[in-house]
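Here's the letter readout for the chains.
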Amino acid sequence: MVAQTDIILATKSQNRVWKKFRSHRSAMLGGILVAFFILIAILAPVLPIPDPAATDWGAVRKAPTAAHPFGTDEIGRDVLSRMIWGAQASLLAGVVSVGIAVLLGVPLGIVAGYFGGWTDAIISRCTEALLAAPFLILAIALAAFLGPSLTNAMIAIGISAMPIFVRLTRGQVLTIKTADYVESARAIGLPDRRILTRYIFPNVLPPILVQATLTIATAIIAEASLSFLGLGQQPPAPSWGSMLNTAKNFLNQAPWMAMWPGIAIFLVVLGFNLLGDGLRDALDPREH
């Protein structure tokens, strides 16, 4: 009976969250933008577009035409095709790097906040040391140390973003562990593992989800920055950041080479930010 009541309450809570999110127009716009870029990234192999690495020396830096709607680059490659395939690298970098940050940061934050003592002191001091370095500078340093590749760039971005989740999770756990229901669970003798999985983690998950959505936008910008500097996706594989790096040399002759990847980065980052804002409002218990 108790389990059935929990299920009913959880269903009602989910319905309230969805209703609140659906009424948030900017969040829905963000969701549409994110879904659009995810869709074109997934469908890139089957879309009727040229090979992103195929060159055409007779169509070097050609303005947009029917054959090449977004124009061509410095060696005749179709910009639209490279834009679509570049979405894979950007979205993959954003999701994977944030996944690394969550997998590393959330357990550390839970341990630090729940157990306290010297464990909390060590984790907190290490986190503060990482937070002392600007996010992008730390990511560049780690990527340079690991070597230029998309995989290493994702690892570098993930490690650089990890302190954000450690600090957020620790703060949430410090608040939740003093709640009456947690104290009651501890009083009846439930083990720490049970308390952490049943009471602590489910209640820290919503703010982590919101922060992860917002951090994906930051990670996409970081990946573009690393690729722009030659530390991310390596040529000839397409990446919006590396496309901007090449386009900076032809701004006067072929401005479309820089315009399209710049617009794509702006729209996908805007989408994740709007989506994150909508999730934050929908998951805020004070709004229910």
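Residues numbered from 1 in each chain as written. Predicted model: local features only at pLDDT ≥ 70, side-chain atom pairs only at ≥ 80, totals over all residues. Heavy atoms only, no water.

Peer 1: Can you help me understand the overall build of the chain in this one?
Peer 2: Helix and strand content of the chain: 10 helices and zero strands. Moving toward the C terminus, one meets the helices and strands of the chain in the order α-α-α-α-α-α-α-α-α-α. Here the contacts in the chain between residues at least 6 apart in sequence split such that 71% fall between residues at least 24 apart. Side-chain charges in the chain split into 21 positive and 16 negative, and the spacing between the mean points of these groups amounts to 5 Å. (Helix = DSSP H or I, 4+ residues; strand = E, 2+ residues; numbered from the N terminus. Contact = heavy atoms within 4.5 Å. Lys, Arg positive; Asp, Glu negative; His and termini not counted. Charge placed at Lys NZ, Arg CZ, Asp CG, Glu CD.)

Peer 1: What is the right way to look at the nonpolar core in this model?
Peer 2: Taken as a class, soluble globular proteins show a tendency for nonpolar side chains to be buried jointly. Core analysis: the largest hydrophobic core is formed by 49 residues, its most contacted members being Phe-37, Leu-91, Ile-200, Ile-220, Trp-240, Val-268 and Phe-272. For this core, the secondary structure elements donating two or more residues are helix H2 (25-43), helix H3 (79-115), helix H5 (135-146), helix H6 (150-176), helix H7 (180-187), helix H8 (192-228), helix H9 (240-247) and helix H10 (256-283). Among the elements that take part in this core, H8 stands out by supplying 15 residues, more than any other. In contact with Ile-200, not counting residues within four places along its chain, are Tyr-114, Val-173, Ile-176, Lys-177, Val-182 and Ile-195. Counting residues in each nonpolar core, the second largest holds six residues, with Ala-254, Trp-256, Met-257 and Ala-258 among its members. (Core = buried A, V, L, I, M, F, W, Y, C linked by side-chain atoms within 4.5 Å. Buried < 20%, exposed > 50% of the residue type's maximum accessible area, 1.4 Å probe, protein only.)

Peer 1: Teacher, can you tell me more about the packing of H8 against H10 here?
Peer 2: Each pair of packed helices can be described by the angle between their axes along with the distance between the axes. Close contact between H8 and H10 brings their axes to 8 Å; oriented N to C, the two are set at 170°. With respect to H10, the element H8 is oriented roughly antiparallel. In this structure, H8 uses Pro-206, Leu-209, Val-210, Thr-213, Leu-214, Ile-216, Ala-217, Ile-220, Ile-221 and Ala-224 to contact H10, whose residues at the interface are Ile-265, Val-268, Val-269, Phe-272, Asn-273, Leu-275, Gly-276, Asp-277, Leu-279, Arg-280 and Leu-283. Among the residues forming the contact of H8 with H10, the class breakdown is 16 nonpolar, three polar and two charged. (Axes fitted to C-alpha atoms, helices over the stretch in contact; angles between N-to-C directions. Parallel < 35°, antiparallel > 145°, perpendicular 65-115°, else oblique. Nonpolar A, V, L, I, M, F, W, Y, C, P; charged D, E, K, R; others polar.)

Peer 1: What am I meant to see in H5 here?
Peer 2: Since the α-helix turns once every 3.6 residues, residues separated by three or four places project in the same direction. For H5, built from 12 residues, the straight-helix expectation of 16 Å at 1.5 Å per residue is met to within 8% by its first-to-last C-alpha distance of 16 Å. All of the buried residues along H5 are Leu-138, Ala-139 and Ala-143. The buried residues of H5 occupy one face: seen down the axis, they fall within an arc of 130°. In H5, the exposed positions angled more than 90 degrees off the buried face are occupied by Ile-137, Ala-144 and Phe-145. Structurally, H5 contributes buried residues whose contacts are with helix H4 (117-131), H6 and H8. Among the residues trailing H5, Gly-147 stands out with phi positive, at a value near 110°. (Expected span 1.5 Å × (residues − 1). Arc of directions from axis to C-beta.)

Peer 1: Hey, could you run me through the pattern of salt bridges in this one?
Peer 2: Side chains that carry opposite charge are capable of pairing whenever their charged atoms lie near each other. Tallying each qualifying case throughout the model produces seven salt bridges. Put simply, Asp-73 and Arg-77 hold a salt bridge, and the shortest N to O gap is 2.8 Å. We note that Asp-73, like Arg-77, is buried. With its nearest N and O atoms 2.9 Å apart, the salt bridge here joins Glu-128 to Arg-125. You can see Glu-128 and its partner Arg-125 sitting in helix H4, three residues apart, about one turn around the helix. (Salt bridge = Lys/Arg side-chain N within 4 Å of Asp/Glu carboxyl O.)

Peer 1: Whenever I open this one, unusual backbone geometry confuses me. Can you help?
Peer 2: For residues that are not glycine, phi is negative in most cases, and the peptide bond is trans in most cases. Cis geometry marks the peptide bond from Pro-235 to Pro-236, where omega comes out at 5°. Within the fold, Pro-236 resides in the loop between H8 and H9. Within the chain, Arg-61 stands out as a residue other than glycine whose phi angle is a positive 50°. Its location among the elements puts Arg-61 in the loop between H2 and H3.

Peer 1: I tried to follow the environment of Ala-139 on my own but got confused; where do I start?
Peer 2: By the secondary structure assignment, Ala-139 is in helix H5. For Ala-139, a relative accessible area of 0% corresponds to the buried category. Separated by 16 residues in the primary sequence, Ala-139 and Ile-155 have C-alpha atoms spaced 8.8 Å apart. Those residues within four positions of Ala-139 in sequence are excluded, and the remaining contacts are Ala-156, Ile-157, Ser-160 and Leu-226.

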